[in-house]
Amino acid sequence: MIVDARVLREDFVPSEVVHRHDEVNLLSESLEPLLAGHGTDPAFLFGPTGVGKTCIARYTLAQLREQDPDVRVAYVNCWQEYTRFRVLYSLLESIDQAVSIHRSTPKDELFGRLDDAGDRPLVAVLDEVDQLEETAVLYDLHRLPHVSLVLIANREEELFASFDDRVRSRLHAGTRVQFDRYGTDELVAILRERATQGLEPNAVRTEQLRTIAEAASGDARVGIGILRSAARRAKQAGDERVTTTVIESAIPDARTAIRQKTVEGLLEHQRVLYDMIEDTGEIEPGTLYERYEQRVEEPKTTRTLRNHLTKMVHYDLIESVGKHRGRRYRLVADDSDQSDEDS
DNA sequence: GCTCCACAGGAAAACAAGGGAA
DNA sequence: TTCCCTTGTTTTCCTGTGGAGC
């Protein structure tokens, strides 16, 4: 059933892109000066989750490296690496310059090392850049002539609103590449490509791919997740082909798996809060703090809990409804409609 | 309109942890 | 071994907002 499991992973970069040629061309053009040994303006990739921003960035940069292997590429996911120190460290790690750097190494030294590594151009791809807590690092990187920035985020307005004036004015110039949600036919084509490479011939029919695409609501990440889950289920059942029943049961799997991955990454106290919100369905802050204090042995202060709750809202795990006294926390609905609104 | 209260979030201080230097 | 430096996390203090009650 499954011929090549790598193809069914979200982070797989295909050898040919489907339905994103304009976006690839625009990004390629913005990076073209690198081939002539010049620097570039920042490139911004905007669009909702699951529209192929990261995939296209990786694909385009792989193409660029084929033309000029001297160009180095570093990917940083700002969900995990959200401080100035972590971003600089990740970039240095990507170019093998992070030796003997530790927690107490001054940030200026990290910046200095990056500055010293200017013998070859470096493209720094900052994914989920709107999650950066210290956007001054963008100013730092922009100052380095050998570093080209590719910044990936959901919405332009929200990203620029989070910048301070200095960063905003520096990064104002640059190429914007806007990604729209995939239509059902486009998503079917992407899934067909993955199925052709990853599954045995005729393992899944076109109308089944259409069912998956419709359930994914334009989100390729979810669509590929459903396909992967369906293929695994069929394999476990010993079937030679994916059945419609298997697809129907795989649809909720994909969204649950994405959420579960985020929940598993929560800190202990965040997890307690998440579980309590899940248990109650909807809860007001005062009651939540009260119950939390009863449940854990060494409770954190309410200020820390507010920080945790803010983080979980950012993670799209919970949402707050109402304001001030009428505020309630609840889990983000796990259906496609909600996903559309949030993206 | 005034006061009280619940709530969110910014700023700065305090603290913990890890590593280097003496 | 101790002190110092740096970072990340947590706490303390504070301000702003707006609903509820009078």
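Residues numbered from 1 in each chain as written. Chains lettered and ligands numbered in written order. Predicted model: local features only at pLDDT ≥ 70, side-chain atom pairs only at ≥ 80, totals over all residues. Heavy atoms only, no water.

**Here's the deal with the packing of aromatic side chains**
Under the definition given, this model contains 3 aromatic pairs. Between the aromatic rings of Phe-44 and Phe-46, the centroid separation amounts to 5.7 Å while the plane-to-plane angle is 5°, which identifies the pairing as stacked. Each member of the pair, Phe-44 together with Phe-46, is buried. With a centroid separation of 6.4 Å and 10° between ring planes, the pair formed by Phe-85 and Tyr-89 is classed as stacked. Highlighted residues: Phe-85 and Tyr-89, both in helix H3 (residues 84-94), separated by 4 residues, approximately one helical turn. For Tyr-89, a relative accessible area of 26% puts it in the partly exposed group. Aromatic ring contacts, followed pair by pair, group Phe-44, Phe-46 and Phe-160 into a single cluster. Directly above the ring of Tyr-182 sits Arg-20, whose terminal nitrogen or CZ lies 4.2 Å from the centroid. (Phe/Tyr/Trp six-rings, centres within 6.5 Å; stacked < 30°, edge-to-face > 60°. Buried < 20%, exposed > 50% of the residue type's maximum accessible area, 1.4 Å probe, protein only. Helix = DSSP H or I, 4+ residues; strand = E, 2+ residues; numbered from the N terminus. Lys NZ or Arg CZ within 6 Å of the ring centre and 35° of its normal.)

**Comments concerning helix H4 (residues 107-116)**
The periodicity of an α-helix, 3.6 residues per turn, causes residues three or four positions apart to be oriented the same way. Of all the positions in H4, only Leu-110, Phe-111 and Leu-114 are classed as buried. Projection of H4 onto a plane perpendicular to its axis shows the buried side chains occupying an angular sector of 95°, all on one side. Turned more than 90 degrees from where H4 packs its buried face, Asp-108 and Asp-116 sit exposed. Looking at the packing, one finds that the buried side of H4 touches H3, strand S3 (122-127) and helix H5 (136-143). (Arc of directions from axis to C-beta. Contact = heavy atoms within 4.5 Å.)

**Some words on the sheet that holds strand S4 (residues 147-153)**
As summarised here, the arrangement of the 5 strands in space is S2-S3-S4-S1-S5, forming an open sheet in which the pairing is parallel. A strand with exactly one partner marks an edge of an open sheet, and here the two such strands are strand S2 (72-77) and strand S5 (175-178). Pairwise comparison of adjacent strand axes, ignoring direction, gives a mean angle of 15° for this sheet. Strands S2 and S3 of the sheet are contacted by H3, whose axis makes an angle of about 145° with S2. Sheet strands in contact with H5 are S3 and S4, and its direction is about 150° off that of S4. (Pairing = 2+ DSSP bridges. Axes fitted to C-alpha atoms, helices over the stretch in contact; angles between N-to-C directions.)

**Looking at the protein's contact with DNA strand C**
Every one of the 16 residues lining DNA strand C counts as a neighbour, but Thr-83, Arg-103, Lys-107, Thr-304 and His-324 are closest to it. Per the 4 Å cut-off to the protein, sugar and phosphate atoms form 72% of the nearby atoms of DNA strand C. The separation between a phosphate oxygen of DNA strand C and a polar side-chain atom of Thr-83 is 2.8 Å. Here a phosphate oxygen of DNA strand C sits 2.6 Å away from a polar atom, N or O, in the side chain of Thr-304. (Near = heavy atom within 4 Å. Polar contact = N/O pair within 3.5 Å; in protein donor to acceptor, adjacent residues only side chain to side chain.)

**Side note on the packing of helix H12 (residues 268-280) against helix H14 (residues 302-314)**
Look at H12 against H14: their axes get within 10 Å of each other, and the N-to-C directions meet at 70°. Put simply, H12 runs roughly perpendicular to H14. By crossing handedness, the relation of H12 to H14 is classed as right-handed. The residues of H14 that touch H12, namely those facing His-269, Gln-270, Leu-273, Tyr-274 and Ile-277, are Leu-305, His-308, Leu-309, Lys-311 and Met-312. Along the lines of polarity and charge, the residues of the contact of H12 with H14 split into 6 nonpolar, 3 polar and 1 charged. (Parallel < 35°, antiparallel > 145°, perpendicular 65-115°, else oblique. Left-handed = near helix turned anticlockwise from the far one by under 90°. Nonpolar A, V, L, I, M, F, W, Y, C, P; charged D, E, K, R; others polar.)

**Notes on the protein's contact with DNA strand B**
The full set close to DNA strand B counts 13 residues, and Ser-104, Arg-303, Arg-306, Arg-325 and Tyr-329 are the nearest of them. A distance of 2.9 Å separates a phosphate oxygen of DNA strand B from a polar side-chain atom of Tyr-289. One nitrogen or oxygen atom from the side chain of Thr-310 is found 3.2 Å from a phosphate oxygen belonging to DNA strand B. Only helix H13 (285-295) and H14 provide two or more residues apiece to the surface near DNA strand B. Its residues assigned to classes, the surface near DNA strand B comprises 3 nonpolar, 5 polar and 5 charged.

**Considerations on the UniProt feature "domain: Cdc6 AAA+ ATPase-type lid" (unreviewed entry) in chain A**
Taking the UniProt record as the reference, the feature "domain: Cdc6 AAA+ ATPase-type lid" (unreviewed entry) is found at residues 189-250. Across residues 189-250, the secondary structure splits into 73% helix and 0% strand, with the terminal C-alpha atoms separated by 20 Å. (UniProt positions renumbered as here; feature names shortened; annotations may be inferred.)

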